[in-house]
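Per-entry structural report
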Amino acid sequence: ETERQFIGTLTTPAKIQEFLDELPYSKELIYRCPLRVLRERVAHCFDGALFGAAMLRLLGHPPLIMEMLPNERDDDHLLALYRCDGHWGAVSKSNFVGLRFRDPVYRTLRELVMSYFDQFYNVDREKTLRGYTLPLNLKHFDPWDWMARDGCLERIAQKLDRIRKVRVLTQPMIDHL
């Protein structure tokens, strides 16, 4: 089966998620472009979000990713976003089932992000979700061939660090957790 034929089987966001769920979770501190994920059959959160965005793009969605932001005692998490009939859904790679797929039933990005709140916790079982970035459209990285080459992936990570962030909790809310 060729790569093109296999990609042709990923005809829905749920099938993209199913593929990501089957991949071993990488603990390596490297970024993989979507083509490399397809070839090596391994991914972590960043790799999975880019793969999801690339495959969603092939289905006609813009290649959008968003970073969910924790407190200082946890790791961030990336989502590939898509919309159907004006509602948001997400595809992602995680070791934790609760941080993966979301059907497109959320009216706003905040609603989508908050659907992850109870499952977004650290090893000490502290709920750590504090915010999210605005969506990043990866089409701006097309000149660097982000879907097939690793070269610009650090640029994508740096852009996520600089993009506007939205807080989801107030300090009194945090104090009551």
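Above this text is the structure in question.
Residues numbered from 1 in each chain as written. Predicted model: local features only at pLDDT ≥ 70, side-chain atom pairs only at ≥ 80, totals over all residues. Heavy atoms only, no water.

**Examining the overall build of the protein**
- Per the secondary structure count, the protein includes seven helices and seven strands.
- Order of helices (α) and strands (β) in the protein, N terminus to C terminus: α-α-α-α-β-β-β-β-α-β-β-α-β-α.
- In terms of C-alpha radius of gyration, the protein reaches 16 Å, essentially the compact-globule figure of 16 Å for 177 residues.
- Summarising its shape, the C-alpha atoms of the protein cover approximately 55 × 35 × 30 Å along the three principal directions.
- Residue burial in the protein is summarised as follows: out of 177 residues, 48% are buried. (Helix = DSSP H or I, 4+ residues; strand = E, 2+ residues; numbered from the N terminus. Rg over C-alpha atoms; globule rule 2.2 N^0.38 Å. Buried < 20%, exposed > 50% of the residue type's maximum accessible area, 1.4 Å probe, protein only.)

**Regarding a negative patch on the surface**
- Taken together, the side chains of Asp75, Asp76, Glu154 and Asp161 define an acidic patch exposed on the protein surface.
- Take aspartate 161: it is sitting in helix 6 (residues 153-162).
- For aspartate 161, a relative accessible area of 54% corresponds to the exposed category. (Patch = residues over 30% accessible without salt bridge, like charges linked within 9 Å, V, L, I, M, F, W, Y side chains within 5 Å. Areas by Shrake-Rupley, 256 points an atom, 1.4 Å probe, with all protein chains shown as cover. Salt bridge = Lys/Arg side-chain N within 4 Å of Asp/Glu carboxyl O. Lys, Arg positive; Asp, Glu negative; His and termini not counted. Charge placed at Lys NZ, Arg CZ, Asp CG, Glu CD.)

**Quick word on the pattern of salt bridges**
- Following the criterion strictly, the structure yields 13 salt bridges and no others.
- Here arginine 39 and glutamate 3 are joined by a salt bridge, their closest N and O atoms 2.6 Å apart. Placement of the pair is arginine 39 in helix 3 (residues 34-40) and glutamate 3 in helix 1 (residues 3-7), with a sequence separation of 36 residues.
- Residue class for arginine 39 comes out exposed when judged on its relative accessible area of 54%.
- When its relative accessible area of 33% is taken as the criterion, glutamate 3 is described as partly exposed.
- Across the pair arginine 32 and aspartate 47 runs a salt bridge, and its minimum N-O distance is 2.9 Å. Pair noted here: arginine 32 is in the loop between helix 2 (13-22) and helix 3 and aspartate 47 is in helix 4 (residues 45-58), with a separation of 15 residues, a long-range link. The two residues arginine 32 and aspartate 47 agree in class, both being buried.
- Overlapping salt bridges bring together Glu28, Arg32, Arg36, Glu40, Asp47 and Asp150 as one network.

**Focus: unusual backbone geometry**
- With a phi close to 65 degrees, arginine 125 is a non-glycine residue in the positive phi region.
- On the secondary structure map, arginine 125 appears in the loop between helix 5 (109-114) and strand 5 (129-133).
- Since its relative accessible area comes to 60%, arginine 125 is described here as exposed.
- The phi dihedral of aspartate 145 falls on the positive side, at around 60 degrees, and the residue is not glycine.
- Its location among the elements puts aspartate 145 in the loop between strand 6 (136-137) and helix 6.

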